[in-house]
Amino acid sequence: MICLIVFSIDLAVKSYLIGWEEFRKSKWLISYTVVLFVSVIDWVLSVSMACDERLRIRRLFRPFFLLQNSSLMKKTLKCIKRTLPEIASVIVLLALHLCLFTMIGMLLFTKSDDVKQNGEWELHFRGLLQSLTSMLVLLTTANNPDVMIPAYSLNRGYSIFFITFSVIGTYCLMNLLTAIIYNQFRGYLLMSVQTSIIRRRLGIRAAFQVLSCQRDPAAFEEAVSVDAVLEVMSKVKIKSYYRNAINMLFQRHAGVGHVDLQQFKTTFDELDKELIKEHPPLPQYSSPGLRRLQVIFSHRYLTLLGNVLALANVTSICIILVLNSEKSTTERDNYQVEVSNLCFILYYLFEMVVKIFAFGWRGYLSYKSNMFDGLLTLLLLVLQVSIFITSGLPDSYWDPATRGVMSLWEMVRLVNLLIVFRFLRIIPNIKIMALVASTLLDLVKNLRAFAGVLVVVYYVFAVFGIWLFEGAIKPPPEMSVPSNTSMKNITSNYSMECGTYEQLGYWPNNFDDFAAAIILLYDVMIVNNWQAFLEAYSRYTTEWSKLYFLCWWLTSSVMWVNLFVALILENFIYKWDRSHSCSVTDVEKIRYETSVQFMFKEQIQEPTEEELLCQLHQHPHLHLQ
């Protein structure tokens, strides 16, 4: 109720601010009104039924509130909508390919009088729906080579049929689909960035026009007072490094007192430039000996030595784990691993201290790799001291099962986990690894809109799945049942046939609650053994259940995974092109703010002065003479 009231106030304020004419043109606000109206009615019905109803329509509408408040998600939906016609053409071709080979398969693998030759027909081509399902799953390679083994056992020539189907469908058409989505996605983003650039240039040109009106009308040349610009910049909400850069450039013209249009536009080009983060200068020591030590400890060879020792530490842990793999907790000898870990941790502490000495606190913390390294070193030191306090110094009589807050083995295992995790420090020192890691970090920033829409899609399909299949599959009485699963109406249709839902023990994968539904949808999205879910739910409910899973596969695996691949490609290609001019040290010492403006910088067309003036005079909210 509180949420609906907040959304209603939000809608009322937006409608009042933009006016009725603009409201009628906004499809999102009209949809917002309809969704709120339906949600309120559904809420009233819920309250009148004491919240005991099973079906709540407003659950499907909840993701809409997330979408309509994010302009990035709206752009993403437009991108998907624009891509759908091209995707549909390939999907139709894929469907024709699937149907054609299904018919050929049904002609090849018919029922014969010899029971021994009916294996392929019995398992995969008994009817049209079963044949289509088998070939669809083969398209995702989830049932390969199982689907062809019965026929292949009779005649190896049958493998040509299945291989031809996979080569055309999986390796040609599916990858063609990826290429189309990537091309359309890139084209839409380029168009979106072009629009954004035009809007920015228009704003800068309008700012110049407004500010130039404050000068003497008798002045022959249009110009803007530097003091006026600096006064405006002091009030503008903008990132500090952009404000400082722009103010610095304008102050260079303080002697003249004004700037012309070209100088004004060139100065605001700083908004298009990327941020370069520079590290603080090294501390200055007066003693020659300290300066010599500073040179030694700030050299990259110290970091390389630390990487070698980190590798040696991980290798020693790996060897001890292999030797103790068959031993129980009480049989393990933690003396050796603890002694070696203690030596390595002391070196890590030494490395951290000398780097702080060489770079200073600010310089040390300006490197993200040092922050990561230092934090894990301090955690390792705290854990090691805790082990000494609870169990004493390392000796061969340590009891791994000794318990305090944690057992000795649990603490040693935690130390080993942190040491293995700390080995990731090598990434910034290897150029290609640093490039891949940087791409992944940028994806976290650039994937917010895509992740938001993906959350919406997961939510909607999970709600539909719960409505359709809740309680459809129950584990047998002798199976362990989760606490949130009722034992009523346990399914008696229990089979242990190899490869089925039951034999694989997939009982936790169901639609009995929201969390389980999300996990099941993820399992189907990665199409590994998804035929087990298709077969089980069609057997326990109806054959029409396959339509639900087919829609989810098309939405998630075909559409969304390919969009994700397109975004990864765009980010990686952009960074790869730039990496040729950067060394390993540059990747560590310089942080680039990757934005879509820079990704398409070479393809963007700058608007002409005539185009800007034309748009300015046609602007509905800005009336300039």
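None of these values were measured; they are calculated from a predicted model. For every chain, the first residue of the written sequence is number 1, and numbering continues from 1 along that sequence. In keeping with the model being predicted, local features are shown solely for residues with a pLDDT of at least 70 and side-chain atom pairs are shown and tallied solely at 80 or more, while totals for entire chains, interfaces and linings include all residues. Computation of side-chain values covers all heavy atoms of the structure but excludes hydrogens and water.

**Re the overall build of the chain**
Reasoning step 1: What counts as a helix is a DSSP run of H or I of at least four residues, what counts as a strand is a run of E of at least two, and both are numbered from the N terminus. The secondary structure content of the chain amounts to 24 helices and two strands.
Reasoning step 2: The classification of residues rests on relative accessible area computed with a 1.4 Å probe and restricted to protein chains. Under 20% of the type maximum is buried, over 50% is exposed, and intermediate values are partly exposed. Taken over 625 residues, the chain has a buried fraction of 40%.
Reasoning step 3: Contacts are residue-level and defined by heavy atoms, with any inter-residue pair within 4.5 Å sufficient. In the chain, 73% of the contacts between residues at least 6 apart in sequence involve partners at least 24 apart.
Reasoning step 4: By element, 65% of the accessible surface of the chain is carried by carbon and sulfur atoms, the whole surface being about 35400 Å². A 1.4 Å probe and the Shrake-Rupley method give the accessible areas. Residues count as covered only by the protein chains that appear here.

**A short note on the nonpolar core**
In a soluble, globular protein the nonpolar side chains are often hidden away together inside.
Reasoning step 1: Counting residues in each nonpolar core, the largest one holds 68 residues, and the members touching the most others are Phe511, Trp530 and Phe549.
Reasoning step 2: Breaking this core down by element, the ones donating at least two residues are α4 (71-108), α6 (128-139), α8 (159-212), α18 (448-469), α19 (514-525), α20 (530-540) and α21 (545-579).
Reasoning step 3: Of the residues forming this core, the biggest block, ten residues, is contributed by α21.
Reasoning step 4: An automatic or database domain assignment supplies the residue ranges for each domain. Taken domain by domain, the makeup of this core includes at least three residues from each of domain 2 (78-192) and domain 5 (441-474 + 500-593).
Reasoning step 5: Apart from residues lying up to four places away in sequence, Trp530 is in contact with Leu136, Val137, Thr140, Ala142, Val524, Phe549 and Trp553. Residues belong to one nonpolar core when they are buried, are Ala, Val, Leu, Ile, Met, Phe, Trp, Tyr or Cys, and are joined through side-chain atoms within 4.5 Å.

**Considering the packing of aromatic side chains**
Reasoning step 1: To pair, rings of Phe, Tyr and Trp, with the six-membered ring standing in for Trp, must have centres within 6.5 Å; the planes then decide the type, stacked if under 30 degrees apart, edge-to-face if over 60, and tilted in the middle. Within the structure shown, the criterion is met by 42 aromatic pairs.
Reasoning step 2: Taking 4.8 Å as the distance between ring centres and 70 degrees as the angle between the ring planes, the aromatic pair formed by Tyr458 and Trp552 counts as edge-to-face. Of this pair, Tyr458 sits in helix α18 while Trp552 sits in helix α21, and the two are 94 residues apart along the sequence.
Reasoning step 3: Ring geometry for Tyr506 against Phe533: centres 5.3 Å apart, planes inclined by 15 degrees, an arrangement best described as stacked.

**Details of a nonpolar patch on the surface**
Reasoning step 1: In this analysis, a patch consists of residues with relative accessible area above 30% that form no salt bridge, clustered at 9 Å for like charges and at 5 Å for the nonpolar side chains Val, Leu, Ile, Met, Phe, Trp and Tyr. A side-chain nitrogen of Lys or Arg and a carboxyl oxygen of Asp or Glu constitute a salt bridge if their distance falls within 4 Å. Together, Met1, Ile2, Ile5, Val6, Ile9, Val13, Tyr16, Leu17 and Ile18 give the surface a local cluster of nonpolar side chains, amounting to about 990 Å² of exposed area.
Reasoning step 2: One can find Val13 in helix α1 (residues 2-25).
Reasoning step 3: Accessibility expressed as a relative area gives 44% for Val13, which makes it partly exposed.

**A closer look at the confidence of the model for the chain**
Reasoning step 1: Summary of the metric used: pLDDT quantifies the predictor's per-residue confidence within the range 0 to 100. With 83% of its residues at a pLDDT of at least 70, the chain reaches an overall mean of 81.
Reasoning step 2: Confidence, read as mean pLDDT per element, is least for helix α22 (residues 584-589) in the chain (44) and greatest for α19 (93).
Reasoning step 3: In this model residues 483-495 is a low-confidence stretch, pLDDT under 50, and it forms 28 contacts with partners more than four residues away in sequence or in other chains.
Reasoning step 4: Ignoring residues within four places in sequence, the model shows residues 584-594, a span with pLDDT below 50, making 37 contacts including any to other chains.

**Quick word on unusual backbone geometry**
Reasoning step 1: In this structure, the amide linkage connecting Asn144 to the following residue, Pro145, adopts the cis form with an omega of 5 degrees.
Reasoning step 2: If you trace the backbone, Pro145 turns up in the loop between α6 and α7 (149-154).
Reasoning step 3: Although it is not a glycine, Cys51 sits at a positive phi angle of roughly 60 degrees.
Reasoning step 4: Along the chain, Cys51 turns up in the loop between α2 (27-48) and α3 (58-68).
Reasoning step 5: The phi dihedral of Asn529 is positive, around 65 degrees, even though this residue is not glycine.
Reasoning step 6: Mapping Asn529 onto the fold places it in the loop between α19 and α20.

**Quick notes on the pattern of salt bridges**
Reasoning step 1: All told, the structure shown has 14 salt bridges when counted by the stated rule.
Reasoning step 2: The shortest N-O distance in the salt bridge between Arg422 and Asp373 comes to 2.7 Å. Of the two residues, Arg422 is situated in helix α16 (residues 408-422) and Asp373 in helix α15 (residues 368-391); the sequence distance between them amounts to 49 residues. For the pair shown, Arg422 and Asp373 are each scored as buried.

**Regarding the environment of Ile80**
Reasoning step 1: Following the sequence through the fold, Ile80 ends up in helix α4.
Reasoning step 2: Residues Ile80 and Ile181, 101 residues apart in the sequence, show an inter-C-alpha distance of 8.9 Å.

**Re a positive patch on the surface**
Reasoning step 1: The charge count includes Lys and Arg as positive and Asp and Glu as negative, but it does not include His or the ends of the chains. Here the site of a charge means atom NZ of a Lys, CZ of an Arg, CG of an Asp or CD of a Glu. Taken together, the side chains of Lys27, Lys75, Lys78, Lys81 and Arg199 make up a positively charged region of the molecular surface.
Reasoning step 2: No other element matches α4, which puts three residues into the positive patch.
Reasoning step 3: Within the secondary structure, Arg199 is located in helix α8.

**Topic: α2**
Reasoning step 1: Relative to the 32 Å expected for 22 residues at 1.5 Å per residue, α2 spans 32 Å between its end C-alpha atoms, a close match to the ideal helical length.
Reasoning step 2: Listing the buried residues of α2 in full gives Leu29, Tyr32, Val35, Leu36, Ser39, Asp42 and Ser46. On an axial view of α2, the arc spanned by its buried residues comes to 145 degrees, and they lie on one face. Away from its buried face, by an angle of more than 90 degrees, α2 presents the exposed residues Lys27, Phe37 and Ser48.
Reasoning step 3: The secondary structure elements touched by the buried residues of α2 are α1 and α3.
Reasoning step 4: Positioned one or two residues after α2, Ala50 has a phi angle of 60 degrees, which is positive. Helix span, as expected, comes to 1.5 Å for every residue beyond the first. Comment: arc refers to directions from the helix axis out to C-beta atoms.

**Some details on the side chain of Thr140**
Reasoning step 1: Mapped onto the elements, Thr140 comes out in the loop between α6 and α7.
Reasoning step 2: In this structure Thr140 comes out as buried when scored by relative accessible area, which is 12%.
Reasoning step 3: Leave out the neighbours within four places in its chain, and Thr140 touches Val527, Trp530 and Trp553.

**Description of α18**
Reasoning step 1: Between its terminal C-alpha atoms α18 stretches 31 Å, which fits the 32 Å expected from 22 residues at 1.5 Å a residue.
Reasoning step 2: Residue Gly471 follows α18 closely and has a positive phi angle near 75 degrees.

**Observations regarding the packing of helix α9 (residues 226-235) against helix α10 (residues 240-251)**
Reasoning step 1: With axes taken as lines fitted to C-alpha atoms, and helix axes fitted only over the stretch in contact, angles between N-to-C directions fall between 0 and 180 degrees. At a minimum axis separation of 10 Å, α9 and α10 run at an interaxial angle of 170 degrees. It follows from the interaxial angle that α9 and α10 lie roughly antiparallel. Between α9, through Val226, Val229, Leu230 and Met233, and α10, the contact on the second element is made entirely by Arg243, Ile246, Asn247, Phe250 and Gln251.
Reasoning step 2: Side-chain classes follow a simple rule in which Ala, Val, Leu, Ile, Met, Phe, Trp, Tyr, Cys and Pro form the nonpolar group, Asp, Glu, Lys and Arg form the charged group, and the remainder, Gly included, forms the polar group. Per-class residue counts for the contact of α9 with α10 are six nonpolar, two polar and one charged. Here roughly perpendicular refers to angles of 65 to 115 degrees, roughly parallel to angles under 35, roughly antiparallel to angles over 145, and oblique to all remaining angles.

**Some points on the packing of α2 against α3**
Reasoning step 1: The contact between α2 and α3 brings their axes to 10 Å, and the two run at 145 degrees. Crossing geometry of α2 relative to α3 is assigned as left-handed. Residues Trp28, Ser31, Tyr32, Val35, Leu36, Val38, Ser39, Asp42, Trp43 and Ser46 of α2 form the contact with α3, whose participating residues are Arg58, Phe61, Phe64, Phe65, Leu67 and Gln68.
Reasoning step 2: Class assignment of the residues belonging to the contact of α2 with α3 gives a composition of ten nonpolar, four polar and two charged. Crossing handedness is read from the near helix: turned anticlockwise from the far helix by less than a right angle, it gives a left-handed crossing, and turned clockwise, a right-handed one.

**Remarks on the environment of Leu129**
Reasoning step 1: With respect to the helices, strands and loops of the structure, Leu129 is situated in helix α6.
Reasoning step 2: Accessibility expressed as a relative area gives 40% for Leu129, which makes it partly exposed.
Reasoning step 3: As for Leu129 and Glu543, which are separated by 414 residues in sequence, their C-alpha atoms are 8.6 Å apart.
Reasoning step 4: Residues contacting Leu129, with those up to four places away along its chain left out, are Glu543 and Lys546.

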